[in-house]
Amino acid sequence: MTTALLIIDVQNDFTEGGALGVTGGDAVARGITAYLRTHKSDYDVVFASRDWHTAGSTNGGHIALPPDRPDYVDTWPVHCIAGTPGADYDPGLDASLIDVHIRKGQNVPAYSIFEGTDDSGRSFPQTLDAHHVTDVDVAGIATDYCVRASALDALRSGRRVRVLTDLVAGVAPRTSQTAPAELAKAGPTLVRSCPEGLPADGIP
């Protein structure tokens, strides 16, 4: 059994003050760092994804360039442009604890880490297979979009999946509450990172 932690999109543009900042994003960044400093030995490999969009492009219709307005469902304001501070990891996330960096959303819409590539250009599913990963824990941003999509894709890939519900933050209150129920029905286990092993009672 090989276990991985998937850290999803803990980036400046998705935390407080960013182009698409969510409430609790900074706390998630700090929480993941604190968790890994005491639990990194629980994981054989730690992956982290980042949106890495192309400047001046709609990225396949994902970004609404002015004067178009985003609908905040399928189209979004300009965010996480490759090489800009908005695409950097939130400073509360200690990047030295990450083993493999994954970039996604280059010229195409991409929510799941499974749509990304590593620094060598290898697809994320290929990278997982190369590490012989059988079990994954998922944390990060946002509960109702990229965390949800990543957890469901991990399940579809045949792996055992847990979502660490105290280490996620969502975009909208309603969908952030319905996403866990959808995930639980699909199969991923919902747990809190601390105390370990206790069933989740919802997303904070």
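This section reports on the structure supplied with the text.

### Considering the state of the cysteines
- For the structure shown, the criterion picks out 0 disulfides.
- No disulfide involves Cys80; its nearest neighbouring cysteine sulfur is the one of Cys146, lying 9.0 Å away.
- In this structure Cys80 comes out as buried when scored by relative accessible area, which is 0%.
- Using a relative accessible area of 7% as the deciding quantity, one classes Cys146 as buried.

### A look at the packing of aromatic side chains
- By the definition in use, this model includes 6 aromatic pairs.
- Aromatic side chains Trp76 and Tyr145 sit 5.2 Å apart centroid to centroid with 90 degrees between the ring planes, which places their arrangement in the edge-to-face category. Residue Trp76 is located in the loop between β2 (45–51) and β3 (100–104), and its partner Tyr145 is located in helix α3 (residues 143–156); the two are separated by 69 residues in the primary sequence.
- Among the residues examined, Trp76 registers a relative accessible area of 5% and is labelled buried.
- Ring plane angle 90 degrees and centroid distance 5.1 Å describe the contact between Phe114 and Phe124, whose orientation is recorded as edge-to-face.

The rules we used
- Residues numbered from 1 in each chain as written.
- Predicted model: local features only at pLDDT ≥ 70, side-chain atom pairs only at ≥ 80, totals over all residues.
- Heavy atoms only, no water.
- Disulfide = S-S within 2.5 Å.
- Buried < 20%, exposed > 50% of the residue type's maximum accessible area, 1.4 Å probe, protein only.
- Phe/Tyr/Trp six-rings, centres within 6.5 Å; stacked < 30°, edge-to-face > 60°.
- Helix = DSSP H or I, 4+ residues; strand = E, 2+ residues; numbered from the N terminus.

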